[in-house]
Amino acid sequence: TMTVDKEEIFKEIAATVTNVIKTYSLNAEKEVDEKFKLQLAHSIYLLTHIYVLLKSVADHPKQDEVTDELFDSQILVWQACNSMLAATQLIRQGYPLEPQFLMRVAIESFSLAMSFHLDENSYIQYKNEKLSGKDCINTAKKAIKEIGQIYGLLSAVTHPSRKTTG
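Thoughts on the packing of aromatic side chains
Here is step 1 of the chain: For the coordinates displayed, the defined rule picks out four aromatic pairs.
Here is step 2 of the chain: Residues phenylalanine 116 and tyrosine 126 carry aromatic rings whose centres are separated by 5.0 Å and whose planes lie at 50 degrees to one another, so their mutual orientation is tilted. In this pair, phenylalanine 116 is assigned in helix α4 (residues 98-118) and tyrosine 126 in helix α5 (residues 122-127), connecting sequence segments ten residues apart.
Here is step 3 of the chain: The buried category is assigned to phenylalanine 116, whose relative accessible area is 2%.
Here is step 4 of the chain: Residue tyrosine 126 is classed as partly exposed on the basis of its relative accessible area of 25%.
Here is step 5 of the chain: Following the ring pairs from residue to residue traces out a cluster consisting of Phe116, Tyr123 and Tyr126.

Here we look at the pattern of salt bridges
Here is step 1 of the chain: Counted under the stated rule, the structure contains four salt bridges.
Here is step 2 of the chain: Lysine 55 is the partner of aspartate 59 in a salt bridge, and the nearest nitrogen-oxygen pair spans 2.4 Å.
Here is step 3 of the chain: Residues aspartate 72 and lysine 127 are paired through a salt bridge, measuring 3.7 Å at the closest nitrogen-oxygen approach. With aspartate 72 in helix α3 (residues 68-92) and lysine 127 in helix α5, this pair connects stretches of sequence that are 55 residues apart.
Here is step 4 of the chain: With a relative accessible area of 16%, aspartate 72 lands in the buried category.

The rules behind these values
Every chain is numbered independently, its residues counted from 1 as its sequence is written. Local features in this predicted model are restricted to residues whose pLDDT is 70 or higher, and side-chain atom pairs enter the listing and the counts only when it is 80 or higher, whereas totals over whole chains, interfaces and linings include all residues. For the side-chain quantities, the full set of heavy atoms in the structure was used; hydrogens and water were omitted. Pairing of aromatic side chains requires ring centres within 6.5 Å, counting the rings of Phe and Tyr and the six-membered ring of Trp. Pairs whose planes differ by under 30 degrees are stacked, by over 60 edge-to-face, and all others tilted. Numbered from the N terminus, helices here are DSSP runs of H or I no shorter than four residues, and strands are runs of E no shorter than two. For every residue, the accessible area obtained with a 1.4 Å probe (protein chains only) is divided by the maximum for its type, and the residue is called buried under 20%, exposed over 50%, and partly exposed between those limits. We define a salt bridge as a side-chain nitrogen of Lys or Arg found within 4 Å of a carboxyl oxygen belonging to Asp or Glu.

Structure (structure tokens):
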């Protein structure tokens, strides 16, 4: 019957697409690793260094001296690093667009964390669920001027448009 043929055809298409993606992903990972070996190693080194610093706050012997503000900002930085690590893995697997979404999330997390230390009202607004990372880009620019430009470029790519969809 025609129904069985359609089902078989769709199964075959699905299997073929899956195999193409796996092959592409594995080949891309190998090629990216070879081409960007030093950059990847440096990025992983820097992320590892940040994780070690954050762990020192989590393991601080005098936890009563670690304020909620500091602890929450460290969690946000940890999450930002996780987003960057995930973006790096997607780049290695050959995804050109999706890593930029994660990098934008990372910038927002970093900005929110920085805002706690740059603007005394930020943490209170955050605790009252009246502040998110995208609201803190201007505050973060006080410490890192380029963050606004980086965020702008990532935002342009993140919002689907003719430019990003091809």
